[in-house]
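Report on the structure
Each chain is listed here by its residues.
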Amino acid sequence: MPSRQIPKLYIPSDATEAAIRAVHAAAVAAGGGTILLPDAVITLTEPLPVASGIGYQGVQPVLNYLNDTLPDSGWDFVGGTVLAGDGSFPAFAANDADLGSPSVTITADCITGWRCEHIGFTGFTRAISIGAVNNIGLQFSTIHDLFIRDCSDWGIFLANFMHTDVSRVWTHLCENGQYYASLLPGSTLMPGNSRFDSLFNIIPANGRDNRLCRGIVFEAGGDGARLNEMYVDRIQNNAFNRAELVATATFSNGSANIAVADGGKFRAGMPVAFASSNYGITAGRVYVVKSVSGNTIQIGKAFTSPATIASGSGSLMLSSWGMPCFELSSRNEGAFVSNSRFLGVDAEGGSGAGIYVENAQGCDLNISELPGDKNADVVGRATGFSRFYSSNTTITDFDTASATSQFHGARGIGRHAMLSGLWTDQTRNGLAAFNIRGDAGENQGDLEVRGGNSFIYPRFGMGIKSTLKTANTVLHPLDAGLVTFDAASALICTLPTITNSSDASSLVGLPFHIVNAGSADLTVNTDGTQLFNKISGKTGYILNAGESLLVAAAEGAGSTLFWAAFPSAGVA
């Protein structure tokens, strides 16, 4: 028989932390292997060890759903492998201490070939905490089928990972959902190059102020960090049972400080909007909280922007539905997320910005569901050369620094820059609009289909192509537009033969606006068989100096092809 390689399997002697640690030590000593965790609730007193080449495989958790009609609205564990803590430490932790600078031999600290699958978690700070500021994380590793609840910080926290597959991770009743980041300088390493599938988070609805809970976050957080090349398929964050925060915000002229009644209802990064414009604030546009100190907050136009300085003193009404459902962003202007694809982004429930994107470059977001009727569905700041697709009516707020990006799909209110793209304007009965200028103003399409879808209406001046001819010329369809002949001697212009055998080859409708700017006559001829205005024998037209002739290829009765001619008098 041919030889087969069977992975080393390690089975703890019982369902205790000590037994797991014992088989982990044996697996490390043997050069790697898979630890098979039992079907039991296993209580931990400190994080389980993480090492290269080691896998933890549990028995798929069995769930008791908390809602009789919605399986994915929350659960308890009633079977399978469940790790339980006391809320003071993570279940798995490695390289999770912030460092002042990266190691000069960073690859020596990598955790490679680690696996974690089919496990439930309850009562930790984080289920998994691997990587930190300037500290390398997972490489060539696999995480899938994890059910995580009741974590006091993040359900899962992965930083500085590469070539890692993360799939089917569900977080519930965690203070914050899921965090995936680059926390290294881009000059050291560009983490990413990984694949994600089926990430799901439920914002808590158990009495805490869930407006302060973050959802699913991809972030370039280090100094000059770059999170690069990720393929992410199917992200969902549900933020139901959130209530709108309405508060009075008091501004002081020349100051960034804004007084509020209860600063505990705010946190840094929280989107807010205002009901009216004044003191340097624009009504409806989304701002973000920069800092909170007691009952004083500061806001800015973006996560990385300076705090806004008030241009007057007085009060405005502030609104917020809480932290975004999905964040694709950076912590500083020199950091960005790049060259990544996010397919099936589902942001449901209440949020100040359903999807918040900042300093993303060359990213695609395909959006499946949105909150609607909150502060904004999609907010973009300094997002370049990226594309947003949404089949849902989408309230957008993009700044002009995002003008190189595109939006396609169904659009509601558009605040700030509209971006280029093709969409239906749901604020105007589904009017089809095409935008070329990324920085065009609010709810404007450069070209709009009007008159019951019967004509195209431009929202700005339309130019035509201009071509100069100084010799006898047979015009080509590429010359369509304004054609100026300018010579001291007589010239001849010959029009192309009109064809209409198929839509692909048809020239019907092709226009030429011919101008004689020379000092001698210009003769305009057809091909000799096609007529001007179907006038018998009329195959030529003489333009004196200063005269012009507009012609357009036309089709008459019996499929007769001719040139429709509109002569003009010369300029005196």
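Up top is the structure.
Residues numbered from 1 in each chain as written. Predicted model: local features only at pLDDT ≥ 70, side-chain atom pairs only at ≥ 80, totals over all residues. Heavy atoms only, no water.

**What to know about the overall build of the chain**
- Summing up its helical and strand segments, the chain has 1 helix and 47 strands in all.
- Against the compact-globule benchmark of 25 Å for 572 residues, the chain has a radius of gyration of 32 Å, which places it well outside the compact range.
- The buried share among the 572 residues of the chain stands at 52%.
- Taking contacts inside the chain between residues at least 6 apart in sequence as the whole, the part at least 24 apart equals 58%.
- Summed over all atoms, the accessible surface of the chain reaches about 23300 Å², with 53% contributed by carbon and sulfur.
- Each charge class in the chain was averaged separately, 34 positive and 48 negative side chains, and the resulting centres sit 3 Å apart. (Helix = DSSP H or I, 4+ residues; strand = E, 2+ residues; numbered from the N terminus. Rg over C-alpha atoms; globule rule 2.2 N^0.38 Å. Buried < 20%, exposed > 50% of the residue type's maximum accessible area, 1.4 Å probe, protein only. Contact = heavy atoms within 4.5 Å. Areas by Shrake-Rupley, 256 points an atom, 1.4 Å probe, with all protein chains shown as cover. Lys, Arg positive; Asp, Glu negative; His and termini not counted. Charge placed at Lys NZ, Arg CZ, Asp CG, Glu CD.)

**Remarks on the sheet that holds strand 45 (residues 540–543)**
- Taken in spatial order, the 4 strands of this open sheet run 40-42-44-45, and their pairing is mixed. Each edge of the open sheet is held by one strand with a lone partner, namely strand 40 (473–474) and strand 45. (Pairing = 2+ DSSP bridges.)

**Remarks on the nonpolar core**
- Counting residues in hydrophobic clusters, the biggest one holds 76 residues, and the most contacted among them are F92, W114, F121 and F218.
- Other than its neighbours up to four places away in sequence, F121 contacts F77, L83, A91, F92, C116, A127, L146, F147, I148 and R149.
- Formed by 22 residues, the second largest nonpolar core is a distinct cluster that contains V483, L495, L543 and W563. (Core = buried A, V, L, I, M, F, W, Y, C linked by side-chain atoms within 4.5 Å.)

**Regarding a nonpolar patch on the surface**
- Judged by side-chain polarity, L422, F434 and I436 come together as a nonpolar surface patch covering roughly 290 Å² of accessible area.
- Position of I436 relative to the elements: it lies in the loop between strand 36 (431–435) and strand 37 (447–450). (Patch = residues over 30% accessible without salt bridge, like charges linked within 9 Å, V, L, I, M, F, W, Y side chains within 5 Å. Salt bridge = Lys/Arg side-chain N within 4 Å of Asp/Glu carboxyl O.)

**Describing the side chain of R126**
- Within the secondary structure, R126 sits in the loop between strand 10 (115–124) and strand 11 (128–130).
- Classification of R126 as buried rests on a relative accessible area of 16%.
- A polar contact of 2.9 Å, which involves the side chain of R126, links it to the side chain of S129.
- Only 2.8 Å separates the side chain of R126 from the side chain of D153, close enough to count as a polar contact.
- Each residue touching R126, except ones within four places of it in the same chain, is listed here: F89, P90, A91, C151, D153, W154, G155 and F157. (Polar contact = N/O pair within 3.5 Å; in protein donor to acceptor, adjacent residues only side chain to side chain.)

**A short note on the state of the cysteines**
- Tallied over the entire structure, the rule returns 0 disulfides.
- A disulfide-free cysteine, C116 has its sulfur positioned 12 Å from the sulfur of C151, the nearest such atom.
- Residue class for C116 comes out buried when judged on its relative accessible area of 0%.
- Considering cysteine sulfurs only, C174 is the nearest to C151, which forms no disulfide, with 4.1 Å between them.
- Judged by relative accessible area, C151 falls into the buried class, the value being 2%. (Disulfide = S-S within 2.5 Å.)

**With respect to the packing of aromatic side chains**
- Tallied over the entire structure, the rule returns 25 aromatic pairs.
- Note on F89 and F124: the rings are 5.7 Å apart at their centroids and 75 degrees apart in plane angle, and the pair reads as edge-to-face. Note that F89 is positioned in the loop between strand 7 (82–84) and strand 8 (92–94) and F124 in strand 10, a separation of 35 residues in sequence. An identical accessibility class is assigned to F89 and F124; each is buried.
- Between F532 and Y541, the ring centres sit 6.4 Å apart and the planes meet at 70 degrees, which makes this aromatic pair edge-to-face.
- Linked through ring pairs, Y56, F89, F92, W114, F121 and F124 together constitute an aromatic cluster.
- When the ring centre of W321 is taken as reference, the NZ or CZ atom of K374 above it lies at 4.8 Å.
- A cation over a ring is seen here: R411 above F407, with NZ or CZ 4.4 Å from the ring centre. (Phe/Tyr/Trp six-rings, centres within 6.5 Å; stacked < 30°, edge-to-face > 60°. Lys NZ or Arg CZ within 6 Å of the ring centre and 35° of its normal.)

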